[in-house]
There are 2 protein chains.
Amino acid sequence: MQRGFDVSEYRARVVAAQTGMARAGVGALLVMTEPEVRYFTGFLTRFWESPSRPWFLVVPAAGDPVAVIPSIGAALMGQSWISDIRTWSAPDPDDDGVSLLADTLREIGGPVGVPSGPETVLRMPLTDFERVKAQSGLTFCSDHGIMADLRAMKSETEIAKIRHACGIAGRAFDRVGDIAQPGVPLSRVFRNFQRLLLEEGADWVPYLAGGAGPYGYADVISPATDAPLQSGDVLMLDTGAVWDGYFCDYDRNFAIGSVDPVCDAAHRRVLEATQAGLEAARAGALACDVFAAMAGMVEGGETAGRLGHGLGMQLTEGLSLTAKDRTVLCPGMVITLEPGIEVRPGQWIVHEENIVIREKGAEKLSPWTTDLVRI
Amino acid sequence: MQRGFDVSEYRARVVAAQTGMARAGVGALLVMTEPEVRYFTGFLTRFWESPSRPWFLVVPAAGDPVAVIPSIGAALMGQSWISDIRTWSAPDPDDDGVSLLADTLREIGGPVGVPSGPETVLRMPLTDFERVKAQSGLTFCSDHGIMADLRAMKSETEIAKIRHACGIAGRAFDRVGDIAQPGVPLSRVFRNFQRLLLEEGADWVPYLAGGAGPYGYADVISPATDAPLQSGDVLMLDTGAVWDGYFCDYDRNFAIGSVDPVCDAAHRRVLEATQAGLEAARAGALACDVFAAMAGMVEGGETAGRLGHGLGMQLTEGLSLTAKDRTVLCPGMVITLEPGIEVRPGQWIVHEENIVIREKGAEKLSPWTTDLVRI
């Protein structure tokens, strides 16, 4: 499968941003996080793991974006379609890109829109942000949700990458029987499952969570302990594996030997709720409608505070399937369906699948499961 | 090896923070990033990969910290030593922890110190940050570098975890001959090297970079291409593998078959520069002194903007080995030494090792290499 995107797709994204900027009266869009910079440039590196250096991309009201980045990134950014790349030697304790960014913004003109709503972070020191504002002399404002709105609608190429990541995880899930038996510590299962994901084609495995217990697990975010799997446990593995910068995010539950029949019943119920979510996830429906379709079947089922969420360049992004989220589902949105049932107090079984909203109904991206798999 | 820390260590960290807060006149320290929250609580989860929810920890002027977190984290935080855990159901589009945090801060009292200097990020929406400031009615200020100063000095337990991570990577590097031969795509080498790291005991592999070419590589941050290794290439793999939340960060270079003798000479030179860095890295020396000791041997050698950096709960943290960084080296600081040589224009060989500063000289944490390994 082809990596990256045609330059035409990046250009279309920039034009779409500029359309939103014109509507909102924003003169420059300033972004600084990994997915936002990558969205416009294709700049893909795991180096963002290092917090030491800020990175900036400025989208002007018209014309191509300008990258204002540490010199360590010049070679890689030079391979992208971006031609205006301005660098400084970072980290610089006196002026870590502040003047270069302020000059660039002044040249482009404001007001400067900065993503400021849900899920955004300011990936630069607050002190330096204040200096950039002062030195540029421009007005700063929210980006009016332009970035979030753009990223919520996936292109067919983006959807294909997520489907590819889902396929990789599906093949790894099919092999869990090889690595999970009674007596194996959960930490070793985690380690080996990451290995399976890599063998099946994942570029890397940013996220793996899970749990195991006779009636499920206490939450879906804990790291693995060294406690050995026991016959009668329900084992859950939930992964965000990445291919070419796009995530899958779904889980599978496994019965280690013979489990209590209430677990089978709970698992059937979360599958039914997932199916109800799939059927409710029609273009034009609201996020809260999909929530309601599932919540009614699992009595709330909100160990995670929501029953699903958007998905793409990040493990979770965009809408939340909650009672309060009134986002309208549109074709091209990729979401997860993630209902859970509390089998016993504090012990949960959670199921998750990935879908994309289409003009007519939703399309499955993850290989839909049908049963609690026996190991 | 024992995971986690004794509660006494967390308490000592809190007391040390409170000492700094008293000196700086800070009434509450507000932190919200993964390493900062974990530093005081031990809260360890890969769930931070999800950007959807903010997490907060407030350290008061006296007494134990208060966690203000999404309910999805209650079970896991409940296993830590923190007893005052306040939760809300997140994500909440109307009030995503804003009121709960503002109330908590008002109860504790200000001024509220927020990490605002180098390497910090504001891991909450700017809009919500402004709301918290307004609703709490308190004064907000920088944390005066308290967090960064605390984290720079590692305890023996922290150092042992980093040494353990270094050992894991060392055993994986010893097996690279099994996965890297002429004709193997670099992307497959990356995938398999992550697998080796997991097999040797890494919990996960947040960072892997590298490159291959007849005279080295263009940078040290690019992802792998599908181009096959060729006889005569120098292959470099640079990993940040994690054990119990602590990173190693070092690389190895490998000669695929017979390489140009200038590569051997360059590799010897970067090893000598690393050795010079080790000898210069004495308690009381400045970061720029260690830089100078290495830079003189590699003619600058700053493809990365620096010749090394601090290391710990993050791949890079704390000081930078640059001409400008005047940080005083103190016992307990863990740093990398990372000199590079430009063998041909745009083609580099970079070497990296990890050390800890001791009262007398520095101690090696990574298994020091001696030669360009032949494959």
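Being a predicted model, the structure only gives us computed values, none of them experimental. (Residues numbered from 1 in each chain as written. Chains lettered and ligands numbered in written order. Predicted model: local features only at pLDDT ≥ 70, side-chain atom pairs only at ≥ 80, totals over all residues. Heavy atoms only, no water.)

1. A closer look at the overall build of chain A
Along the backbone of chain A there are 10 helices and 16 strands. Projected onto the principal axes, the alpha-carbon positions of chain A cover approximately 70 × 40 × 40 Å. Taken over 375 residues, chain A has a buried fraction of 63%. For chain A, the exposed area adds up to about 12,600 Å²; of that, 52% sits on carbon and sulfur atoms. Taken as two groups, the 33 positive and 48 negative side-chain charges of chain A have centres that lie 2 Å from each other. (Helix = DSSP H or I, 4+ residues; strand = E, 2+ residues; numbered from the N terminus. Buried < 20%, exposed > 50% of the residue type's maximum accessible area, 1.4 Å probe, protein only. Areas by Shrake-Rupley, 256 points an atom, 1.4 Å probe, with all protein chains shown as cover. Lys, Arg positive; Asp, Glu negative; His and termini not counted. Charge placed at Lys NZ, Arg CZ, Asp CG, Glu CD.)

2. Details of the interface of chain A and chain B
Counting residues at the interface gives 69 residues for chain A and 69 residues for chain B. Summed over both sides, the interface between chain A and chain B buries roughly 5,500 Å², with carbon and sulfur atoms accounting for 55% of that surface. Ranking the residues of chain A by area buried against chain B places Arg46, Arg191 and Ile221 of chain A at the top, with a combined share of 13%. Put simply, chain A and chain B have 6 salt bridges between them. Here Arg191 of chain B makes a salt bridge to Asp203 of chain A, at a shortest N to O gap of 2.7 Å. (Contact = heavy atoms within 4.5 Å. Buried area = accessible area lost by both parts, 1.4 Å probe. Salt bridge = Lys/Arg side-chain N within 4 Å of Asp/Glu carboxyl O.)

3. Details of the relation of the copies chain A and chain B
When chain A is fitted to chain B, the best match, at an RMSD of 0.0 Å, comes from turning it 180° and sliding it 0.0 Å along the axis. Taken together, these values place the two copies in the relation of a two-fold axis. In this assembly, 100% of the residues forming the interface of chain A have copies in chain B that are likewise at the interface, indicating an isologous arrangement. (Least-squares fit on C-alpha atoms with pLDDT ≥ 70 in both.)

4. A few points about the UniProt feature "domain: Creatinase N-terminal" (unreviewed entry) in chain A
When the UniProt feature table is mapped to this numbering, "domain: Creatinase N-terminal" (unreviewed entry) covers residues 13–152 of chain A. End C-alpha to end C-alpha, residues 13–152 of chain A measures 12 Å, and it is 38% helix and 18% strand. (UniProt positions renumbered as here; feature names shortened; annotations may be inferred.)

5. Overview of the pairing of strand 1 (residues 28–31) of chain A
All names here are of chain A. Residue alternation in strand 1 divides its side chains into two sets, Ala28 and Leu30 and Leu29 and Val31, and both sets are buried. Inspection of the sheet shows strand 1 paired to strand 5 (residues 112–114) by 2 bridges, in the parallel sense. Bridged to Leu29 within strand 5 is Gly113. (Pairing = 2+ DSSP bridges.)

6. Describing the packing of helix 7 (residues 156–173) of chain B against helix 8 (residues 186–199) of chain B
Helices that pack against each other are described as a pair by the angle of their axes relative to one another and the distance between those axes. Residues and elements named next belong to chain B. Between helix 7 and helix 8, whose axes approach to 8 Å, the crossing angle comes to 130°. Considering the angle they form, helix 7 stands oblique to helix 8. Judged by the twist between their axes, the crossing of helix 7 over helix 8 is right-handed. Two secondary-structure elements touch here, helix 7 through Ile168, Ala169, Ala172 and Phe173 and helix 8 through Phe193, Leu196 and Leu197. Of the residues belonging to the contact of helix 7 with helix 8, the class tally is 7 nonpolar, no polar and no charged. (Axes fitted to C-alpha atoms, helices over the stretch in contact; angles between N-to-C directions. Parallel < 35°, antiparallel > 145°, perpendicular 65-115°, else oblique. Left-handed = near helix turned anticlockwise from the far one by under 90°. Nonpolar A, V, L, I, M, F, W, Y, C, P; charged D, E, K, R; others polar.)

7. Notes on the side chain of Gln314 of chain A
Following the sequence through the fold, Gln314 of chain A ends up in the loop between helix 10 (287–298) and strand 11 (334–337). You can call Gln314 of chain A buried: its relative accessible area is 17%. Here Gln314 of chain A is in contact with Pro35, Arg151 and Phe247 of chain A together with Pro51 of chain B, once residues within four sequence places are set aside.

8. Some details on the sheet that holds strand 15 (residues 362–364) of chain B
Residue and element names in this part refer to chain B. Reading across from one edge, 11-14-15 is the order of the 3 strands in this open sheet, with antiparallel pairing throughout. Unpaired on one side and paired on the other, strand 11 (334–337) and strand 15 mark the two borders of the sheet. Averaged over all pairs of adjacent strands, the angle between their axes in this sheet comes to 35°, without regard to strand direction. Bridging between strand 11 and strand 14 (residues 353–357) involves 4 bridges; their strand directions are antiparallel.

9. What to know about the pairing of strand 13 (residues 347–350) of chain A
All names here are of chain A. Pairing analysis gives 4 bridges linking strand 12 (residues 340–344) to strand 13, with the strands arranged antiparallel. Its bridge partner being in strand 13, Glu342 is matched across the sheet by Trp348. Counting the residues in the hairpin turn of strand 12 and strand 13 gives 2 residues, including Gly346, whose phi is positive at 80°.

10. With respect to the packing of aromatic side chains
Residue and element names in this part refer to chain A. Counted under the stated rule, the structure contains 24 aromatic pairs over all chains. Ring geometry for Phe5 against Tyr246: centres 6.0 Å apart, planes inclined by 70°, an arrangement best described as edge-to-face. With Phe5 in the segment before helix 1 (7–24) and Tyr246 in strand 9 (residues 246–247), this residue pair connects regions lying 241 residues apart in the sequence. Per residue, the accessibility class of Phe5 equals that of Tyr246, and both read buried. Consider the rings of Phe173 and Tyr250, whose centres lie 5.3 Å apart with planes at 55°: the pair is tilted. Remark: Tyr250 occurs in strand 10 (residues 250–255) and Phe173 occurs in helix 7 (residues 156–173); sequence separation between them is 77 residues. Classification of Phe173 as buried rests on a relative accessible area of 5%. Here Tyr250 falls in the buried class, since its relative accessible area comes to 0%. (Phe/Tyr/Trp six-rings, centres within 6.5 Å; stacked < 30°, edge-to-face > 60°.)

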